[in-house]
Amino acid sequence: MSIRITSIEQLIEKLDTDIQWRKKEIADIRAYCQNSDNPQVLLRASFVLCCAHFEGAIKFASNAYIAYVAGQGVRGKELRVEISSILIRKKKHTLFNIPTSQKVKVSVVSDILSAYDELLESQFYIKLNEDDLMPEIDETDPPLSTGGNPTPDVLAEISKVLGISYEELFQLREPFINSELLKPRHAVAHGERRTIHIDELNSACDFVLEVIEKYKSSIIDAAINNLHLRNLE
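Residues numbered from 1 in each chain as written. Predicted model: local features only at pLDDT ≥ 70, side-chain atom pairs only at ≥ 80, totals over all residues. Heavy atoms only, no water.

Turning to the overall build of the chain, a few remarks are in order. Broken down by element type, the chain carries eight helices and two strands. When its helices and strands are written in sequence order, the chain yields β-α-α-α-α-β-α-α-α-α. The 233 residues of the chain split such that 40% are buried. Taking as baseline every contact in the chain between residues at least 6 positions apart, the subset at least 24 positions apart corresponds to 79%. Total accessible area computed for the chain in this model is approximately 12,800 Å², and 50% of it derives from carbon and sulfur atoms. (Helix = DSSP H or I, 4+ residues; strand = E, 2+ residues; numbered from the N terminus. Buried < 20%, exposed > 50% of the residue type's maximum accessible area, 1.4 Å probe, protein only. Contact = heavy atoms within 4.5 Å. Areas by Shrake-Rupley, 256 points an atom, 1.4 Å probe, with all protein chains shown as cover.)

Moving on, we get to the confidence of the model for the chain. Chain-level statistics for the chain give a pLDDT mean of 82 and a share of 75% at 70 or above. Per-element averaging of pLDDT across the chain places strand β2 (residues 137-138) at the bottom with 53 and helix α8 (residues 198-224) at the top with 96. Taken as a whole, residues 128-133 scores under 50 in pLDDT and shows eight contacts with residues more than four places along the chain or in a different chain. (pLDDT = per-residue confidence, 0-100.)

Okay, the pattern of salt bridges next. Going through the model one piece at a time under the given rule, you end up with ten salt bridges. Close ionic contact of Lys216 with Glu213 constitutes a salt bridge, the shortest N to O distance being 3.4 Å. In this pair, Lys216 and Glu213 both sit in helix α8, three residues apart, roughly one turn of the helix. Residues joined by salt bridges that share partners form a network here, namely Asp16, Lys23, Glu213 and Lys216. (Salt bridge = Lys/Arg side-chain N within 4 Å of Asp/Glu carboxyl O.)

For the pair helix α2 (residues 40-70) and helix α7 (residues 174-189), interaxial distance at closest approach is 9 Å and the crossing angle is 125°. On the basis of their axis angle, the class for α2 and α7 is oblique. Crossing handedness for the pair α2 and α7: left-handed. In this structure, α2 uses Arg44, Phe47, Val48, Cys51 and Phe54 to contact α7, whose residues at the interface are Ile177, Glu180, Leu181, Pro184, Arg185, Val188 and Ala189. Among the residues making up the contact of α2 with α7, the classes are represented as nine nonpolar, no polar and three charged. (Axes fitted to C-alpha atoms, helices over the stretch in contact; angles between N-to-C directions. Parallel < 35°, antiparallel > 145°, perpendicular 65-115°, else oblique. Left-handed = near helix turned anticlockwise from the far one by under 90°. Nonpolar A, V, L, I, M, F, W, Y, C, P; charged D, E, K, R; others polar.)

Structure, rendered in structure tokens:
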């Protein structure tokens with residue numbers, strides 16, 4: 001499945017649609033767990049699913065924003081360097097795969113610099129193949145990834161790339177993310193016999209619902225305020 005976005009209205013529609021089904025599924029799992037006579041299996045599975053929605057919402061919204069930027073027809077030199085660098089990374093130059101014990105060839109560095117010079121003068125454009133007529137992002141191989149583990153470090157990196165405030169969104173929530181969300185999630189997902197209590201699930205669900213809404217608002221604000229553009233003053 002691909003994401004194509006050329007306007008703020010389309011961006012808002014995509015984000016709203018994505019969050020609505022997540023909210024519905026989170027509400028459903030909470031109801032199932034409350035009404036079950038033997039909820040532990042459901043609680044464990046539901047907790048992991050809740051965490052999956054946290055990761056999925058962050059990843060989808062982040063890449064929807066990149067799809068929006070790609071749909072604006074902006075040249076690389078007009079973009080913040082963190083965003084324009086996405087295209088350099090997507091080229092998968094061997095520079096990024098050379099062992100630290102080996103010296104990087106001058107020709108490789110030259111290749112990178114040439115690609116960057118070309119990027120500055122060209123349109124920021126992400127596409128699935130050379131025949132695509134519109135910018136689009138492949139959700140199975142997105143420009144921005146959580147790596148299956150949305151730790152504070154990962155969230156900080158994504159926030160920096162997008163130009164949104166990590167401090168406002170996540171910094172004060174780091175203890176909860178680490179201890180109350182990811183730690184129990186990893187225990188269950190990796191086969192440990194970790195009991196999940198209904199209060200833990202409810203707290204996680206409340207947290208996820210709150211944060212993904214705030215994140216969506218930050219993404220929309222970034223688009224409205226053109227935070228993808230360099231400050232050329």
